[in-house]
Amino acid sequence: MAAEQESDMPEVLPGEILKPFNKMPCRDTATVLLVGSYGTGKQQLAKAMVDLCTDTGLKLQVRTTTSLPLPEENTDTRPRIDYIVFIIDLTNRLSFSTVKSAVQCVDVEYFLGRACFVVTNAKGTSDQCVEMEEVSRLADMYNTMYICGATKEGHPDERTTLANQLLRLVEVSAGRKNVSPLLLDLTCRQLSFQEEQPEFYTV
Amino acid sequence: MGTPVDCDRVSSISTSMGNSPDWTPLASAQCEMKQECVEVWRDVNMVQQSLDEETAGAGPADSHCPLLAVSRAKQLQLQAQVEVLESQQPQLMSTHKKVIEAVLVNLLQESLEQLAELLPAMKVQQKELSASLELEEQLLEQRQEIGRMLESRLAEVPEAQETSVDSRVKTFRRKIKAAEQFHGNLVQSLAEFLDTHFPPPQPGKGKGRRRHGSGPVDRTLDVDDPQWETLNNMIETLICKSMDSPHDPYIPMEPRYWPPYVEMLLRCGIAQRHPEDSGRFKLAPFDL
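Residues numbered from 1 in each chain as written. Chains lettered and ligands numbered in written order. Predicted model: local features only at pLDDT ≥ 70, side-chain atom pairs only at ≥ 80, totals over all residues. Heavy atoms only, no water.

In the nomenclature of an unreviewed UniProt entry, chain B is known as Centromere protein K-like of Branchiostoma belcheri. Quoted straight from UniProt, the Sequence similarities (unreviewed entry) entry for chain B says "Belongs to the CENP-K/MCM22 family." (UniProt positions renumbered as here; feature names shortened; annotations may be inferred.)

In the annotation of an unreviewed UniProt entry, the entry for chain A reads Centromere protein M, and the organism field reads Branchiostoma belcheri.

This is the structure in structure tokens:
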């Protein structure tokens, strides 16, 4: 455990790490945690997801936070987190650094199909300060998929699509469908062996 | 992973069995299901406890190489899932009649809904397929006909070539005859035309055309002894000479040629004088 070592990163105590199987699941409920700094559209996305669930019989609880680790006070009343969504805004450098530090407070188990990255403002507008490559590198490092979408007011259709996708992932994670999240994770990968990138450019 | 599914099953079954008339089997079925649920929930709790004890030491993904930790965890979980699947005995659903009925009814309803969704799509697809089938049949018919025609043509061709010389000679003879007939017709009609419109001038009160002034009435000639050459003969001579000897198609002017007719031929461009000798003339070379 990284308890007393000098390091650049702030220390993460073992009790603060989010674990997926800490608590018992509840019937017909699922809990999603949206992690993203201010201005990434968490509230709107949360509302969209809850609206989608109103008549499906699934009681969805969406919790939002701007940074991990989560504060200690709520640990007992908080239900178990089934799914974590890290939101990165490509026009906001702070959101990227928040997510980078947040992924270290999360148990390894979450990266087996119970988490994903959502990238907003990815449409190639000129005010991007985070490169898409950095995001994909981060996603590859944690072997987790990322989805590009929109969470703000200007794109209600895209937000609904994104909410639908996330909802599907959350349902599998919560155990509603009789499928392991690893199986879904498998569908997002290419199974063919890819050649090294440099070989493309040596002619 | 089993609890939510069982709970779902219970809820769905209880809703489908709600209105059944016989109470006792229903009540006993419900009791049985509840008992099963309670046992499964107890198992889940025990599993959770042992899980808590075992994974108390696990930590987050290593910040320097998270991929390694994630992959390792994935590998472990996959192995565990494989083991569970291999060792799992097929589970017997409860043998209570009501339960089985309810489950069956639910499954049938689900498949009914799915099939109902499928039906319109299949109908549309069937329509499209039958339309394309008709089109293809039409095309096939057309092409078969073409094939038959081509085959018959092909069968004809070698036959025609096999009867080599004789038939060819025959066809040529036939063509020559036809040409000759045509030629004869033309000549005849020309002669008739010339006779009606350009007759040779008669002695005395000639029947010749008086347009270019009155023809010389040759009173010295007898009535029945016309000495003037007919225009028909003149033209015939011109044509024959030009066909027979194309290098020298000139014929000399004969006294029997009535000069006005000669002048007419020259003026119409049908005949031309010899450039050096005015006593000779030829048929104008219209074919050059």
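Let us keep going from here.
Undergrad: Can you tell me about the packing of helix 1 (residues 42–53) of chain A against helix 4 (residues 156–174) of chain A, naming the residues and giving the values?
TA: Residue and element names in this part refer to chain A. As a packed pair, helix 1 and helix 4 sit with axes 9 Å apart at the nearest point and diverge in direction by 65°. Here helix 4 runs roughly perpendicular to helix 1, going by the angle between their axes. Of the two elements, helix 1 crosses helix 4, and the hand of that crossing is right-handed. Residues Q44, L45, A48, M49, L52 and C53 of helix 1 pack against R159, T160, L162, A163, N164, L166, L167 and V170 of helix 4. A breakdown of the residues in the contact of helix 1 with helix 4 according to their chemical character gives 10 nonpolar, three polar and one charged. (Axes fitted to C-alpha atoms, helices over the stretch in contact; angles between N-to-C directions. Helix = DSSP H or I, 4+ residues; strand = E, 2+ residues; numbered from the N terminus. Parallel < 35°, antiparallel > 145°, perpendicular 65-115°, else oblique. Left-handed = near helix turned anticlockwise from the far one by under 90°. Contact = heavy atoms within 4.5 Å. Nonpolar A, V, L, I, M, F, W, Y, C, P; charged D, E, K, R; others polar.)

Undergrad: I'd like a description of the packing of aromatic side chains, backed by residues and values.
TA: Residues and elements named next belong to chain B. According to the stated counting rule, one finds six aromatic pairs over all chains in the structure shown. Judged by centre distance (6.1 Å) and plane angle (75°), the rings of F198 and Y261 are edge-to-face. Separated by 63 residues along the polypeptide, F198 in the loop between helix 5 (164–197) and helix 6 (231–244) and Y261 in helix 7 (residues 259–268) bring together distant segments of the chain. Of the two residues examined, F198 and Y261, each falls in the buried class. When the centroid spacing of 5.0 Å and the interplanar angle of 90° are considered together, the rings of W258 and Y261 count as edge-to-face. Accessibility assignment for this pair places W258 and Y261 in one class, buried. These aromatic residues form a ring-pair network of at least three members: F193, F198, W258 and Y261. (Phe/Tyr/Trp six-rings, centres within 6.5 Å; stacked < 30°, edge-to-face > 60°. Buried < 20%, exposed > 50% of the residue type's maximum accessible area, 1.4 Å probe, protein only.)

Undergrad: Describe the sheet that holds strand 3 (residues 83–89) of chain A, with residues and values.
TA: Residue and element names in this part refer to chain A. One open sheet accounts for five strands, arranged 2-1-3-4-5; its pairing is parallel. Unpaired on one side and paired on the other, strand 2 (59–65) and strand 5 (146–149) mark the two borders of the sheet. Going from strand to strand, the sheet's axes swing by 25° on average, the running direction of each strand aside. Two elements, strand 1 (residues 29–35) and strand 3, share four bridges in a ladder whose sense is parallel. (Pairing = 2+ DSSP bridges.)

Undergrad: Could you give an account of the pattern of salt bridges, naming the residues involved and the relevant values?
TA: Between side chains of opposite charge, a pair can form as their charged atoms come close. All names here are of chain A. Per the stated rule, a full pass over the model turns up seven salt bridges over all chains. A salt bridge links D82 to R80; the nearest nitrogen and oxygen atoms lie 3.2 Å apart. In this structure, D82 and R80 share a single accessibility class: buried. Close ionic contact of E134 with R93 constitutes a salt bridge, the shortest N to O distance being 3.1 Å. Taken together, the residues E134 in helix 3 (residues 132–141) and R93 in helix 2 (residues 93–102) connect sequence positions 41 residues apart. With relative accessibility at 21%, the residue E134 sits in the partly exposed group. (Salt bridge = Lys/Arg side-chain N within 4 Å of Asp/Glu carboxyl O.)

Undergrad: Can you explain the pairing of strand 5 of chain A? Please cite residues and give values.
TA: Residue and element names in this part refer to chain A. Of the two faces of strand 5, only the one carrying I147 and G149 is buried; Y146 and C148 on the other face are not. Of the strand pairs in this sheet, strand 4 (residues 115–120) and strand 5 are connected by four bridges, and their pairing is parallel. Within the sheet, the bridge partner assigned to T120 lies in strand 5 and is G149.

Undergrad: Which residues make up the nonpolar core, and what are the values?
TA: Counting 32 residues, the largest nonpolar core has A:L18, A:L68, A:I84, A:F86, A:V106, A:F111 and A:F117 as the members making the most contacts within it. For this core, the secondary-structure elements that each account for two or more residues are strand 1, strand 3, helix 2, strand 4 and helix 3 of chain A together with helix 3 (66–87) of chain B. With near-sequence residues (within four places) excluded, A:I84 lies in contact with A:L18, A:L33, A:V35, A:V106, A:Y110, A:R114, A:A115 and A:C116. Core analysis: the second largest hydrophobic core is formed by 24 residues, A:L34, A:A46, A:L58 and A:V85 among them. (Core = buried A, V, L, I, M, F, W, Y, C linked by side-chain atoms within 4.5 Å.)

Undergrad: I'd love a proper account of the pairing of strand 2 of chain A, names of residues and values included.
TA: Residue and element names in this part refer to chain A. With seven bridges joining them, strand 1 and strand 2 adopt parallel strand pairing. Bridging across to strand 2, A30 finds its partner in L60. The parallel pair strand 1 and strand 2, bridged by helix 1, forms a crossover whose chirality is right-handed. (Right-handed = clockwise from strand over helix to strand, strands pointing away.)

Undergrad: I'd like to hear about the confidence of the model for chain A, residue by residue, with values.
TA: All names here are of chain A. Summary statistics for chain A give a mean pLDDT of 77 and a share of 80% for residues scoring 70 or more. Ranking the elements of chain A by mean pLDDT puts helix 6 (residues 198–201) last, at 36, and strand 3 first, at 89. Within the model, pLDDT remains below 50 along residues 1–9, and this stretch shows seven contacts once partners closer than five positions in the same chain are excluded. Across residues 195–203 the pLDDT falls below 50, and counting only partners more than four positions away or on other chains, this stretch makes zero contacts in the model. (pLDDT = per-residue confidence, 0-100.)

Undergrad: Give me the side chain of A:R80: which residues, what numbers.
TA: Residues and elements named next belong to chain A. As for its placement among the helices and strands, R80 is situated in the loop between strand 2 and strand 3. Look at R80 and you get buried, because its relative accessible area is 13%. A polar atom in the side chain of R80 sits 3.2 Å from the side chain of D82. The contacts of R80, once residues within four sequence positions are left out, are P20, F21, K23, M24, P25 and T31. (Polar contact = N/O pair within 3.5 Å; in protein donor to acceptor, adjacent residues only side chain to side chain.)

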